[in-house]
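Each chain, letter by letter, is given below.
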Amino acid sequence: SPMIYALAVPLVGGYLLGNKGLLFLISGSNVLVLCLSTLLMNSGQSWVAARKFVLFGLLKDANGDTVGPDSVHNRNLLVGESIGGPMEDTTGPAMN
């Protein structure tokens, strides 16, 4: 389970690597989490912005016709927004 890993890895790392090893383990994991949270927040904002782009009728297809809210693209982006919205909402406060 993730909780066991969150508790066991610093303990085992501190025991095996010493104080400096534990310091590098924790600082490295902080850098990794910062990169991952930035990735998740940007991808969540992209999903939301793409759906708004279709809802406002700004997307054109190959023939030059406007792709609107009643299209297949909008239904696909609804699934994307249900994934991207929580990504954006959880990583923003977590970074602070």
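Residues numbered from 1 in each chain as written. Predicted model: local features only at pLDDT ≥ 70, side-chain atom pairs only at ≥ 80, totals over all residues. Heavy atoms only, no water.

Scanning the chain from terminus to terminus reveals two helices and two strands. Ordered by position from N to C terminus, the α and β elements of the chain give α-β-β-α. Over its C-alpha atoms the chain spans a radius of gyration of 21 Å, topping by over 25% the 12 Å that the globule rule assigns to 96 residues. When the backbone C-alpha atoms are referred to their principal axes, the chain occupies close to 65 × 25 × 20 Å. Looking at the chain residue by residue over its 96 residues, the buried ones come to 20%. (Helix = DSSP H or I, 4+ residues; strand = E, 2+ residues; numbered from the N terminus. Rg over C-alpha atoms; globule rule 2.2 N^0.38 Å. Buried < 20%, exposed > 50% of the residue type's maximum accessible area, 1.4 Å probe, protein only.)

A cluster of nonpolar side chains, contributed by Leu11, Val12, Tyr15, Leu16 and Leu17, occupies part of the molecular surface with about 640 Å² of accessible area. If you trace the backbone, Val12 turns up in helix 1 (residues 2-55). (Patch = residues over 30% accessible without salt bridge, like charges linked within 9 Å, V, L, I, M, F, W, Y side chains within 5 Å. Areas by Shrake-Rupley, 256 points an atom, 1.4 Å probe, with all protein chains shown as cover. Salt bridge = Lys/Arg side-chain N within 4 Å of Asp/Glu carboxyl O.)

Take the side chain of Arg51 next. As for its position among the elements, Arg51 is in helix 1. Not counting chain neighbours up to four residues away, the residues in contact with Arg51 comprise Asn74, Leu77, Leu78 and Glu81. (Contact = heavy atoms within 4.5 Å.)

Mapped onto the elements of the fold, Val54 is located in helix 1. When residues no more than four places from it in sequence are discounted, the contact partners of Val54 are Leu59, Val67, Gly68, Pro69, Ser71, Asn74 and Leu77.

Here helix 1 contains 54 residues, and its C-alpha end-to-end distance of 39 Å is more than 12% below the 80 Å for a straight helix at 1.5 Å per residue. For helix 1, the principal kink sits at Gly18 and spans about 130°. By the burial criterion, the buried members of helix 1 are Gly13, Gly21, Ser37, Met41, Gly44, Val48, Arg51 and Val54. (Expected span 1.5 Å × (residues − 1). Bend = angle between axes of the 7 residues up to and from the residue.)

Along the chain, the position of Asn74 falls in helix 2 (residues 72-95). Asn74 gets classed as buried once you look at its relative accessible area, which sits at 8%. Side-chain polar atoms of Asn74 contact the backbone oxygen of Pro69, separated by 2.7 Å. Excluding residues within four positions of it along the chain, Asn74 makes contact with Arg51, Val54, Leu55, Gly68 and Pro69. (Polar contact = N/O pair within 3.5 Å; in protein donor to acceptor, adjacent residues only side chain to side chain.)

With that settled, the discussion passes to the environment of Ser1. Tracing the chain through its elements places Ser1 in the segment before helix 1. Along the sequence, Ser1 and Thr90 sit 89 residues apart, while their C-alpha atoms lie 21 Å from each other.

Any link to function would need more than the numbers given here.
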